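The primary structure of each chain is shown beneath.
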Amino acid sequence: MIAWYYYLAAIPVFALLVLVHEFGHFITAKWAGIRVDEFALGFPPRIVGIKRGETMYSINLLPLGGYVKMPGENGEMYDDNGRVDTRTFAAKPASKRLIVLLAGVTMNLLLAVVLFSAAEAVGKEDFTTRIQSVDTGSPAQVAGIRAGDTIVAIDGNKVTTFTDLYTAVSQDVNNALTANKHAQSTPVVVTYIVPGSAQDHTVTVQARTHTTPTQGSLGIKRTNDTIRLAVPLWQAPIQGVNDVGVVTVETVQGIQSIIRGALPINKAVSGPVGIVSITGQVASAVPILGWYWLFFLAGALSLNLAFVNILPIPALDGGRVLLVLIEVLRRGKRLSPDREALVNLIGMGALLFLIALVTVSDVGNI
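No experiment lies behind these values; they were computed from the predicted model shown.

J.: Looking at this structure, how should I read the nonpolar core?
T.: Counting residues in each nonpolar core, the largest one holds 22 residues, and the members touching the most others are Ile145, Ile151, Ile154, Leu165, Val190 and Ile220. When residues of this core are assigned to their parent elements, the largest contribution, five residues, is made by helix H4 (residues 162-179). Setting aside its immediate chain neighbours within four residues, Val190 contacts Ile145, Ile151, Ala153, Ile154, His201, Thr202, Val203 and Val205. Counting residues in each nonpolar core, the second largest holds 15 residues, with Val36, Phe39, Phe89 and Val321 among its members.

Structural data, given as structure tokens:
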């Protein structure tokens, strides 16, 4: 049972992701000469606010994101006297509006690199691949693997930590389900070392494709032995950039699996409640495994926030970018402010409805 206070780790993680994202919009809006009326974390009602110059800096009650409020976001560019207000978002050329809109996503991408680099710099403390026990009748036992053995490779690829092992087996399972969602097992080539012997043993295990909390793909349990894998400081940013690529590829593969029906969407997509639960679990492991996984999780969340925001959905950054690009293709002809506001309102309503559905699913999964 995880102590409740570990779930509080989600607060600084969420705050950092939103703060960096909105700061991107804020700083580029200032650069572009756009008036910023409010810089907010969370959505109203307001808890506290401080006015500095023309901008209100606020913290709001609903922790579902944040926003930078600029006049003219829905295309309005005229003041009360019917004159063009040059400090509105709508009055700026398309190039500057695109820079402001894309700044949040860009900042989340940069933050992901920083967080992944920090994770690699502190080093990964993970469990070893030595086996504590093997379930009776499990695929591993049938293949001849016993307690005390140490797995050193999956499908010929070296595994150093239990996470490497889990990831490699999961990849085989996902590939099998993508090819045939009714598959009950998939062959996994396991190389292991028996205690007291320097010779490798290689067997093919018919790993389960459908698992339960008490029944894994191989049917093995790890020991509590740990190993620390550190990256030299000068290599950390390089590895951080590589981690961005790895997580991006895995995200795309996950989406493909959902589309093909091989991966249930309620198991693959998490909302605020699910992310808080995952963050709490990872935070609870910090005393044992160190800070690597919490930094890595925050980096992955930042990357996913960038990915979601760039989707061409009204009310999101990607939806607004799409409207600007359509305007460019139409040689400057814009939607009317009323229509643009309606499009964004519908998009926001649909987004909140989707969040509500995902939240119900998260609660059910927990």
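More follows now that the structure is in view.
J.: Explain the sheet that holds strand S8 (residues 200-208) here, please?
T.: Neighbouring strands of a sheet are bound in pairs by backbone hydrogen bonds; such pairs are parallel or else antiparallel. Pairing in this open sheet of four strands is antiparallel, and the strands run S6-S5-S7-S8 from one edge to the other. The open sheet terminates on both sides in strands that have one partner only, identified here as strand S6 (157-158) and S8. Here two bridges tie strand S5 (residues 150-154) to S6, and the two strands are oriented antiparallel to one another. Looking at S6, one finds that Ala153 is bridged to Lys158. The strands that H4 touches are S5, strand S7 (185-193) and S8; relative to S7, the one it contacts most, it runs at about 160°.

J.: Is there a simple way to explain a nonpolar patch on the surface in this structure?
T.: The grouping of Ile47, Val48, Ile59, Leu61, Leu62, Leu64, Met348 and Leu352 at the surface amounts to a nonpolar patch, some 680 Å² of accessible area in total. Mapped by element, the contributors of at least two residues to the nonpolar patch are strand S1 (38-52), strand S2 (55-69) and helix H11 (337-365). Among the secondary structure elements, Leu352 is positioned in helix H11.

J.: Please clarify how the pairing of S8 should be interpreted in this entry.
T.: Here is the key point about a regular strand: its side chains alternate between the two faces of the sheet. Relative to S8, S7 runs antiparallel, the two sharing nine bridges. Within S8, the position partnered with Val189 by the bridge is Thr204.

J.: Any chance you could explain unusual backbone geometry here in plain terms?
T.: Glycine aside, the phi torsion of most residues is negative, and most peptide linkages are trans. Backbone torsion omega between Pro44 and Pro45 reads 15°, so that peptide bond is classified as cis. If you trace the backbone, Pro45 turns up in strand S1. One non-glycine residue, Asp155, lies in the positive phi region at around 55°. Looking at the secondary structure, you find Asp155 in the loop between S5 and S6. One non-glycine residue, Arg331, lies in the positive phi region at around 60°. With respect to the helices, strands and loops of the structure, Arg331 is situated in the loop between helix H10 (317-329) and H11.

J.: Sorry, what's going on with the packing of helix H2 (residues 94-122) against helix H5 (residues 236-260) here?
T.: Helix packing geometry: the angle between the two helix axes and the distance between the axes. Taken N-terminus to C-terminus, the directions of H2 and H5 make an angle of 120°; their axes are 7 Å apart at the nearest point. In this view, H2 runs oblique relative to H5, as classed from their interaxial angle. The element H2 and its partner H5 pack so that their crossing is right-handed. Across the interface between the two elements, Ala112, Val113, Phe116, Ser117, Glu120 and Ala121 of H2 pack against Ala236, Pro237, Gln239, Gly240, Val241, Asp243, Val244 and Val247 of H5. Grouping the constituent residues of the contact of H2 with H5 by class yields nine nonpolar, three polar and two charged.

Cut-offs applied
- Residues numbered from 1 in each chain as written.
- Predicted model: local features only at pLDDT ≥ 70, side-chain atom pairs only at ≥ 80, totals over all residues.
- Heavy atoms only, no water.
- Core = buried A, V, L, I, M, F, W, Y, C linked by side-chain atoms within 4.5 Å.
- Buried < 20%, exposed > 50% of the residue type's maximum accessible area, 1.4 Å probe, protein only.
- Helix = DSSP H or I, 4+ residues; strand = E, 2+ residues; numbered from the N terminus.
- Contact = heavy atoms within 4.5 Å.
- Pairing = 2+ DSSP bridges.
- Axes fitted to C-alpha atoms, helices over the stretch in contact; angles between N-to-C directions.
- Patch = residues over 30% accessible without salt bridge, like charges linked within 9 Å, V, L, I, M, F, W, Y side chains within 5 Å.
- Areas by Shrake-Rupley, 256 points an atom, 1.4 Å probe, with all protein chains shown as cover.
- Salt bridge = Lys/Arg side-chain N within 4 Å of Asp/Glu carboxyl O.
- Parallel < 35°, antiparallel > 145°, perpendicular 65-115°, else oblique.
- Left-handed = near helix turned anticlockwise from the far one by under 90°.
- Nonpolar A, V, L, I, M, F, W, Y, C, P; charged D, E, K, R; others polar.

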